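Chains, contacts and geometry: an overview
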Amino acid sequence: MPVTHFPEKITKFLRRRLVELKEEHGEDSWQYRGIALQYFRDPREDVDAPEENIKHYEAGVTAGELPPGLERLYRRSLVIEPTLVCIAHCRYCLRSNYAKHTLSEQQLVDVARYCGSGANQDFLNEVLITGGDPLLIPNRIEFLLNALIEQAPNIRIVRLATRIPTQDPDRIDQDVLRVFQNKPSLRFEMATQVNSPAEFCPETEEAFRKVRALGVKIYSQNVLLKGVNDDSAVLVDLYDRMRLNDIEAHYLFHSVPMRGTHHLRTSVDTGLKLANGLTSCGRISGRAKPMFAAMTDIGKITFYQGTIVDRRDGKLLLQSEYRLEDRLAWNPSWDLPESAQVDSEGRLQVWYLDGAD
Amino acid sequence: MYQLKQRELWASDVAGYLNRELSGEDLALESPYAIRTPVLLKQGGIPDGFDKLLLITDGSVVEEGFAAVIRSASPELDLARVLLEFFASMPAHTVHPTAVVSEHAMIGRNVGIGAHSVIGDGVEIGDNTRIENNVVIHGPARIGESCVIKDGAVIGSEGYGFVADEDGKLFHAPQLGLIRIGDRVWIGANSTVERAMIKETTIEDDAKIDDLVHIGNGSTIGPRSRLTAGTVISFDVWLGADVQVAPSATVRHSVTVADGIVIGQGAVVVTDLPEPGGVYVGVPARLLRKA
């Protein structure tokens, strides 16, 4: 089925950057492709392929006991999606099929009250505010943060997920920076995603610098994408540039099997080979090494020895340390996905669709 | 206060932000001037030069000719929200170096205080309140959260409290009463709120006071009441909740105005208006129609 519902959307800044890269390096260069493949709609999105996911997982986004716009997969942290609107459309987006809601101020107050209610006061200490891109709506995020300070003093760590610094760096203005200011009870971290070293340029580096200057720790969760960064030299360059910009390497994700992304997904084995190369090549410091992980139907699983326990029909059975009873304890509306099972020790395992090289 | 911010925004972003459906083309808006609503269309005088326009409409105007349309039961409110979120910039919350803030004042989190403003002893200001330029606040005063006090306003101005002494000379009694302003109150430019001798002068939550309004000592302005430019509220007046006062109206001292009453432009209220609701106009103010 074509992905026509998810139109191409590229910011003016990225369009200009692509023109510059094309003129400087050519259309076939890794620099140009490193950005173009992330944002240009590709006819291969419409080709029939095994990748069929419409949503990356269901964790009480709109139903169950959680207020709308929340996902609860972990005991101590909560995912809040105040808006699902973005300024640019990444072609491998996990949430492209979600309805484009934006939470009202009243709904945000409800979210804050939930965070500070009952047992959450004892366990929940962290929120990840994602979307969509929350920094597209800084006024409403400011409102949410003030509501959290008032209603949920147990929340001490706030992570804000955004790609705005690389998609439209001018938007990191005083209204966005205000979000991180004058909230001494909260520690802020910015979760960004830089997939190609070509995304670094003076404008984007300045945007990151302005955020860092406020004492905000920036980290990147990169996605392994065919043609963008499935190359050892490009990855070394990427992690070097991140380190120079004081951006911490976090996960290197295997691309989630979303519908229309077949052409962007490598195999997990290729990802493991690249990740092993990164961590043992001696060309980048251990301070800059990411963890290779997959976003599965039951949450993130980092690849270690023994993580892949079976292979069948293009799928990998991945071992996690998640336990069903824990998951249900903090999110009673959570259903065990069909792809998941419980092993003899009560731990969750999940089948994960591999990519192709 | 706000400054125009030019940002590329897509019609679908607007629809997604408002939780509404977009019909027509998903066009890129370079400026807020490319957005229309029924009220804007009636007002006219809108900058030209936009080939494609986004209409936010309740269905009361012809949609033909607009490249993109968002249907809404409240287009003007939606437009206000879009302008605030995407096209308006607010200077950072800081205390301007020329402001004078007493060490005996308590200033909340995220409070902005503009140039040449003076915050006196015994003033408490709640979180996220903005005090603009040349504002003077005398204590004792308690100002709530998320208020806006515009340029040149004077809060806690010494009340007009004179008593005649034994020789008939006017003697000014010290005005020491508390000023209490609730949350989300707006006080316009060059407005004054007087302090009373002992009694509180109170402006309740969500009241909105326009520019050039005078509120006399010991008066109470009820929650969500709206007082427009030139209004004079004398001393010891009690306005209920949701009262609306049109420009240049005057309310005599010690008068009570019940909830939900509308006072017409230039009216002079000289007696109590105890029945809630209703529109009062003229000099002296008389009932024009019941609620």
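These numbers were taken from a predicted model, which means no experiment stands behind them. (Residues numbered from 1 in each chain as written. Chains lettered and ligands numbered in written order. Predicted model: local features only at pLDDT ≥ 70, side-chain atom pairs only at ≥ 80, totals over all residues.)

Below, the discussion takes up the pairing of strand β5 (residues 187-192) of chain A. Residues and elements named next belong to chain A. The pairing of strand β4 (residues 157-161) with β5 spans 5 bridges and is classified as parallel. Pairing of Ile157 across the sheet is with Arg187, part of β5. One ladder, built from 4 bridges, connects β5 with strand β6 (residues 217-224); its direction is parallel. What sits directly across from Glu189, in β6, is Lys217. (Pairing = 2+ DSSP bridges. Helix = DSSP H or I, 4+ residues; strand = E, 2+ residues; numbered from the N terminus.)

With 20 residues of chain A at the interface, the matching set in chain B holds 17 residues. Within the residue set of the side of chain A that touches chain B, elements represented by two or more residues are α5 (138-151) and α7 (174-178) of chain A. Residue composition of the side of chain A that touches chain B, by class: 4 nonpolar, 8 polar and 8 charged. (Contact = placed C-beta atoms within 7 Å. Nonpolar A, V, L, I, M, F, W, Y, C, P; charged D, E, K, R; others polar.)

Glancing now at unusual backbone geometry. The peptide bond linking Gly131(A) to Gly132(A) adopts the cis configuration, its omega dihedral lying at 15 degrees. Within the secondary structure, Gly132(A) is located in the loop between β3 (126-129) and α5. Here the bond from Val283(B) into Pro284(B) is cis, since omega is -10 degrees, no more than 30 degrees from zero. Position of Pro284(B) among the secondary structure elements: in the loop between β36 (279-281) and β37 (286-289). Phi at Asn182(A) takes a positive value of approximately 60 degrees, unusual for a residue other than glycine. Along the chain, the position of Asn182(A) falls in the loop between α7 and β5. We classify Asn182(A) as partly exposed; it has 18 C-beta atoms within 10 Å. We note that Arg224(B) has phi near 65 degrees; this positive angle belongs to a residue other than glycine. When you line up the elements, Arg224(B) lands in the loop between β27 (220-221) and β28 (226-227). C-beta crowding within 10 Å serves as the criterion here: with 18 such atoms nearby, Arg224(B) is assigned to the partly exposed category. (Buried ≥ 20, exposed ≤ 12 C-beta atoms within 10 Å, placed from the backbone.)

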